[in-house]
Each structure stands twice: as structure tokens, then as C-alpha cells.
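Each chain, written out:
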Protein chains: 2
Amino acid sequence: MLQLYFSPMACSLASRIALMEAGIEARYHRADLWTKKVVEDGSDFLSISPKGAVPVLVLENGEKLTENAAVLQYIADLRPESALAPRPGDPDRYRLQEWLSFVGCEIHKAFLFPTFWYKDDAAKAAARERIGKSLSVAADHLAHRDHLVGKGFTVADAYLAWSLLLLGRGGVDVAQWPPLADYLQRMQERSPVRSAIDHEMQLRKVMARQVQNP
Amino acid sequence: MLQLYFSPMACSLASRIALMEAGIEARYHRADLWTKKVVEDGSDFLSISPKGAVPVLVLENGEKLTENAAVLQYIADLRPESALAPRPGDPDRYRLQEWLSFVGCEIHKAFLFPTFWYKDDAAKAAARERIGKSLSVAADHLAHRDHLVGKGFTVADAYLAWSLLLLGRGGVDVAQWPPLADYLQRMQERSPVRSAIDHEMQLRKVMARQVQNP
């Protein structure tokens, strides 16, 4: 059985959504990204992945795959009938890779990461200056289409939906870009997406209570 | 014929290397990333790509593909016989995607981008704090292997080699990680890699002279 190392509401949520959309059962292990421990047994998360980041997908053969762009395509290709990615050879496959890179680089790494992990306000401000332009690119693309790539939901949508969901906590109101706000609502109406988000939000709430009442 | 919009020594250098390694002729158009103009005719680069970033690969059908992770895989798949990427379906293809994402997110977007484009020193310092850890991950991987993926040169190597080449200008001495320094030297001994770098370095020098003596 596949195993996914995740942290509630981190970008590994996109991998969870992909697994649920594909109808693939997996074992989920929670990693604490601050202490770098695996929560269930306190073991060293860095021995699972020296990057110390999620997602980490443990494949059936025991190998570990990291980076959402790779993990999401791997999951999609396990169930081609779910059409979570255009098949290799289809020109749209490169569009999928283009959007996975854009979300990973321009929204996640250029904005969300500094916003949540950097302590310095100037570092956060520099990241914030650019995010509007990146979001406008995505909003223009989605102004007259329901999904990022082709005519149906793909793993690129899982990744973008996650990133839009986090923007609010980073102080950016998605409502400024109506096509993105509408898109995020559509995505959240999908049952696997909704279930994945609800589950991880619940885990976050439990975490918050534990921090308040240790 | 394919067309590549590039800026000398920007990450589009990886795309140029891939084209040269694949033996694919292309037309190259220089974009000025500050003024957002196409240098040859002063036209608006944002009308080519609203992202205003390189690389932009114009395909034979006129469509434009952006993001190195996608552009590099597209170029590799045009010439499967060049083995610049494991074929789709090969488990190593996901390793290629993993490294393309890692270089794009952790070295390029998390370090090189803020270092060269942000004005605030605190923003640069925050980026610098993390780069050593990312480089160590790559160095450990390359300690006993010649290439990032499989047994030969792939487009992931084109992207990593470019990023390592830029580190020095960002004030990070690759010599601190001997496997990376050795790797960068090996990569530069490849004739297409060397030619691509020499060509763009030459363009940079001409640019610098034009700025000094306008």
C-alpha cells in the first residue's frame, strides 16, 4: 500500500486530494515540520527524507518520491482511467507540467513559503509584492474555463486549489480575483476535495487545542 | 522551426542547452527582463507571455510553452533517441520530474530569484539561510553518481548545471560542496553545454559594454 507523509494543510494536501480523487487507499503519516519528527512514533522525519519537507510518497517498492510535481503525476498515472493527468504523449501533458511548475514556483515557493516560514517582515513584503501578478496570470487563464488543463479536473487543480486555500491565511484575499474565487468554490464542491480539506482542517484544530492545553 | 525567448544567463540557458544537446535548431529571441521588451525589435514581451519571464518556447503550431520543467521535458521528448529524459512510463521519469521541481523551487525560486531581484537585504538573507541545506541534498545525491537521474545526461542536469553556475554570482561558493563542484566541471566539459554557456556569456559581455557606453 502507498504511504504518504504529510502535514495538515501543507502542500501535501494536494497529494491527499489526488489519492482520494483516484480512489487509491494509502497509509498517512503525519510529520511535524518544525521538530522534524514523525508524530505517531516520534521517529526522525529526516531519515525518511533529508529534505525534511512534505509530501513524501512511499511507493510499493519502498522507494520514496518527493516534490508535488512528481508525486502528483505519479499518482495520476497509477489510475489513467481517472484522467487526473493527460496521458504521456498528449500535448496537454506539458500544460499540466507547466501549471504544476507555476503553482509550485510562483505561488507556493515565491509567496506561501516566505509568508509562513520567514520571520523577517521585509522578506515577507518582497514576496507579497509579486503575488498579485502571478494570481492574475492564473485568473486570466480561468476566466473562461472550469479547469487549468483540458476539460476536466487534473492534479494541477488539486495543487492550485490548495494554494488558493492558503492565500487567505497569508493575508491575500482571493475575492480580488473573481475567476479564482469562483474556481476555488467549484473545486471545494467536489466530494474528494471537500473530504480531504475537512479531514486536514480537523487535524489542525486538534493540533491547535493541544498547543493551548498541552 | 522552434523559437526560444531567452535572456542571457537566465534560466532559459537550460532550455538552450537542452536544444543543443538534442541537436535541434531553433530561432532565439532575446528578451529584456527589466524593460519587458523583445530586444531585436523593441516589441512588447508581455504580449508573447504575460508572465514576462523566460523561457518561452514557441512550438511548431505557434502555441507558447513556459516554465522550464515543462519546456525541458517537451524538448527532450522531441528527440527520444537523445535520451535527455527517461521515456514516459519509465519509473525514472518521476525522478526527473522530482529534480526539475527541486532545482526550480529550492535553488532557483527560493534562492537565485530573491538574490538577483529583491532589493531588500533582509529578504536576500532569509533566502540565503536555507540554500546550504538544499545544496547538501543535491551534493549527497551526486557524491557517488555522475548525473542526477539514471546513467546519463538529462535535461535535469541542464537545469542544475545552470543553477550551480549562477550560485557564485549570488555569493555562494560551490566549492564548499566538492561533489557539486566536480559535477559542474563535468557538465561544462560537454561540448553543447560549453557552447551554450560561452554564447550567452558573450552576449552578457556585450550587454555590459552597451550599458557602460550607451
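Residues numbered from 1 in each chain as written. Chains lettered and ligands numbered in written order. Predicted model: local features only at pLDDT ≥ 70, side-chain atom pairs only at ≥ 80, totals over all residues. Heavy atoms only, no water.

Any chance you could explain the overall build of chain A here in plain terms?
In terms of helices and strands, chain A carries seven helices and five strands. Along its sequence from the N terminus, chain A presents helices and strands in the succession β-α-β-β-β-β-α-α-α-α-α-α. In terms of C-alpha radius of gyration, chain A reaches 17 Å, essentially the compact-globule figure of 17 Å for 214 residues. Taking the principal axes of its C-alpha atoms as reference, chain A extends roughly 45 × 45 × 30 Å. Considering only contacts in chain A between residues 6 or more positions apart, those separated by 24 or more positions represent 62%. (Helix = DSSP H or I, 4+ residues; strand = E, 2+ residues; numbered from the N terminus. Rg over C-alpha atoms; globule rule 2.2 N^0.38 Å. Contact = heavy atoms within 4.5 Å.)

Is there a simple way to think about the packing of aromatic side chains in this case?
The geometry of an aromatic ring pair is captured by two quantities: the separation of the ring centres and the angle between the planes. All names here are of chain A. Evaluation of the coordinates by the stated rule reveals 16 aromatic pairs over all chains. Residues Trp 34 and Trp 117 carry aromatic rings whose centres are separated by 4.4 Å and whose planes lie at 25° to one another, so their mutual orientation is stacked. A residue pair is termed long-range when its members are at least 10 positions apart, and Trp 34 in the loop between β2 (26-32) and β3 (37-38) and Trp 117 in helix α3 (residues 92-117) qualify at 83 residues. Of the residues examined, Trp 117 reaches a relative accessible area of 32% and is grouped as partly exposed. Look at Trp 99 and Phe 102: their rings are 5.5 Å apart centre to centre, the planes differ by 85°, and that puts the pair in the edge-to-face class. Within this pair, Trp 99 and its partner Phe 102 are both found in helix α3, separated by three residues, close to a single helical turn. With respect to class, Trp 99 is no different from Phe 102; both count as buried. (Phe/Tyr/Trp six-rings, centres within 6.5 Å; stacked < 30°, edge-to-face > 60°. Buried < 20%, exposed > 50% of the residue type's maximum accessible area, 1.4 Å probe, protein only.)

Just to check I follow, could you spell out the interface of chain A and chain B for this structure?
By a widely used convention, the size of an interface equals the accessible area lost when the partners come together. Residue-level contacts link 34 residues of chain A with 34 residues of chain B. Overall, the association of chain A and chain B removes approximately 3100 Å² of surface from exposure, summing both partners, and the carbon and sulfur fraction of that is 59%. Applying the counting rule to chain A against chain B returns four salt bridges. Residues Glu 63 of chain A and Arg 95 of chain B are paired through a salt bridge, measuring 3.2 Å at the closest nitrogen-oxygen approach. The tally of links from chain A across to chain B stands at 14 residue pairs in polar contact (both at pLDDT 80 or more). Counting only elements with at least two residues in the side of chain A that touches chain B, the list comes to β5 (64-66), α2 (68-78), α3 and α4 (121-142) of chain A. Its residues placed into classes, the side of chain A that touches chain B shows 17 nonpolar, five polar and twelve charged. (Buried area = accessible area lost by both parts, 1.4 Å probe. Salt bridge = Lys/Arg side-chain N within 4 Å of Asp/Glu carboxyl O. Polar contact = N/O pair within 3.5 Å; in protein donor to acceptor, adjacent residues only side chain to side chain. Nonpolar A, V, L, I, M, F, W, Y, C, P; charged D, E, K, R; others polar.)

Sorry, what's going on with the domain arrangement of chain A here?
Residues and elements named next belong to chain A. Taken as a whole, chain A is organised into domain 1 (2-83) and domain 2 (91-192). Relative placement of domain 1 and domain 2: their C-alpha centres are 20 Å apart. Contact with domain 1, which involves 18 residues of that partner, is made by 17 residues of domain 2. Between domain 1 and domain 2 lies a buried interface of about 1600 Å² when both sides are counted; carbon and sulfur atoms form 69% of it. Together, Met 9, Glu 21 and Gln 73 form the three largest contributors to the area buried by domain 1 at its contact with domain 2, with a combined 34%. Where domain 1 packs against domain 2, one counts two salt bridges. (Domains from an automatic or database assignment.)

Even after reading the chapter, I still don't get the sheet that holds β5 of chain A, so can you show me in this structure?
Backbone-to-backbone hydrogen bonds join strands into a sheet, with any given pair of strands oriented parallel or antiparallel. Residues and elements named next belong to chain A. Taken together, five strands build an open sheet; the order of strands is β3-β2-β1-β4-β5 and the sheet is mixed. Taken across any chain shown, the strands that pair with only one partner, and hence form the sheet edges, are β3 and β5. Alignment of β2 against β3, held across two bridges, turns out to be antiparallel. Paired with Ala 31 across the bridge in β3 is Val 38. Along the sheet, α2 contacts β1 (2-6), β4 (56-58) and β5; its crossing angle with β5, the most-contacted strand, is approximately 120°. (Pairing = 2+ DSSP bridges. Axes fitted to C-alpha atoms, helices over the stretch in contact; angles between N-to-C directions.)

Sorry, what's going on with the environment of Ala 123 of chain B here?
Note that Ala 123 of chain B resides in helix α4 (residues 121-142). Residues within four places of Ala 123 of chain B in sequence aside, it is in contact with Ala 122, Ala 123 and Ala 126 of chain A together with Tyr 118 of chain B.

Would you mind going over the pairing of β2 of chain A with me for this structure?
Regular strands place side chains that alternate from one sheet face to the opposite one. All names here are of chain A. For β1 and β2, the ladder comprises five bridges, and the chain directions are parallel. Note on β2: the bridge partner recorded for Phe 6 is Arg 30. As for the winding sense of the linkage, the β-α-β connection from β1 through helix α1 (residues 12-22) to β2 is right-handed. Taken together, β2 and the strand that follows it, β3, pair antiparallel across an intervening segment of four residues, in which Lys 36 is found at a positive phi of about 60°. (Right-handed = clockwise from strand over helix to strand, strands pointing away.)

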